[in-house]
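Take a look at the letters that make up each chain.
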Amino acid sequence: MAALPWGVVIIDESHNLRTTNSRQADSPHTEAAVAAGSRAGRLILLSGTPSLSRPYDLYRQIDVLVPGLLGRTKEEFAQRL
């Protein structure tokens, strides 16, 4: 499904797009949602949960909306904190 060219993707509970400390890929669910969202014409992230205490945890949500805004990789972003 992630390979399809979606017009609009809506991700509810987007706070579950977690950034892990691993240098490897994040969870398969996060990777699939990010792949689908990045191919969509429009992307809407929904969440009723307040942001977490670490900005690093928001990396995946922000990066899927504006790729590269926080750096090329999550490790590069973590070094700036």
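Here the structure is shown first, and the text comes after it.
Here is what the cut-offs are and how they apply
Residues numbered from 1 in each chain as written. Predicted model: local features only at pLDDT ≥ 70, side-chain atom pairs only at ≥ 80, totals over all residues. Heavy atoms only, no water. Core = buried A, V, L, I, M, F, W, Y, C linked by side-chain atoms within 4.5 Å. Buried < 20%, exposed > 50% of the residue type's maximum accessible area, 1.4 Å probe, protein only. Contact = heavy atoms within 4.5 Å. Salt bridge = Lys/Arg side-chain N within 4 Å of Asp/Glu carboxyl O. Helix = DSSP H or I, 4+ residues; strand = E, 2+ residues; numbered from the N terminus. Polar contact = N/O pair within 3.5 Å; in protein donor to acceptor, adjacent residues only side chain to side chain. Patch = residues over 30% accessible without salt bridge, like charges linked within 9 Å, V, L, I, M, F, W, Y side chains within 5 Å. Areas by Shrake-Rupley, 256 points an atom, 1.4 Å probe, with all protein chains shown as cover. Pairing = 2+ DSSP bridges. Expected span 1.5 Å × (residues − 1). Arc of directions from axis to C-beta.

Draft legend 1. Local environment of the nonpolar core. Core analysis: the largest hydrophobic core is formed by eight residues, namely Val9, Ile11, Leu17, Ala33, Val34, Ala40, Leu43 and Val64. The residues contacting Ala40, other than those within four sequence positions of it, are Trp6, Gly7 and Val9.

Draft legend 2. Representation of the pattern of salt bridges within the structure. As enumerated under the stated definition, the model contains two salt bridges in all. The residue Glu31 makes a salt bridge to Arg60 at a minimum N-O spacing of 3.0 Å. Of the two residues, Glu31 sits in helix H1 (residues 28–39) while Arg60 sits in helix H2 (residues 59–65), which places them 29 residues apart along the sequence. Assessed through its relative accessible area of 30%, Glu31 is described here as partly exposed. Residue Glu76 pairs with Arg72 through a salt bridge whose shortest N-O separation is 3.3 Å.

Draft legend 3. Geometry of the environment of Ser38. Examined against the element boundaries, Ser38 turns out to sit in helix H1. Sequence spacing of Ser38 and Leu65 is 27 residues, and the spatial spacing of their C-alpha atoms is 7.7 Å. From its side chain, Ser38 meets the backbone oxygen of Ala35 in a polar contact 3.0 Å long.

Draft legend 4. A nonpolar patch on the surface, seen in detail. On the surface, a nonpolar cluster with roughly 330 Å² of combined accessible area is contributed by Val8, Ile10, Ile44 and Leu46. In this fold, Ile10 is placed in strand S1 (residues 8–11).

Draft legend 5. Just the pairing of S1, in detail. Burial along S1 is one-sided: Val9 and Ile11 are buried, while Val8 and Ile10, pointing the other way, are not. Sheet analysis places S1 next to strand S2 (residues 42–45), joined by four bridges and oriented parallel. Across the sheet, residue Val9 finds its bridge partner in S2, namely Leu43.

Draft legend 6. Highlighting H1. Its 12 residues place the ends of H1 17 Å apart at the C-alpha level, agreeing with the 16 Å of an ideal helix rising 1.5 Å per residue. Among all positions in H1, only Thr30, Ala33, Val34, Ala36 and Gly37 are buried. Across the axial projection of H1, the buried residues extend over an arc of 165°, all falling on one side. Elements in contact with the buried residues of H1: S1, S2 and H2.

Draft legend 7. Structural context of the environment of Ser51. The residue Ser51 is located in the loop between S2 and H2 in this model. Residues Ser51 and His15, spaced 36 residues apart in sequence, show a C-alpha to C-alpha distance of 7.6 Å.

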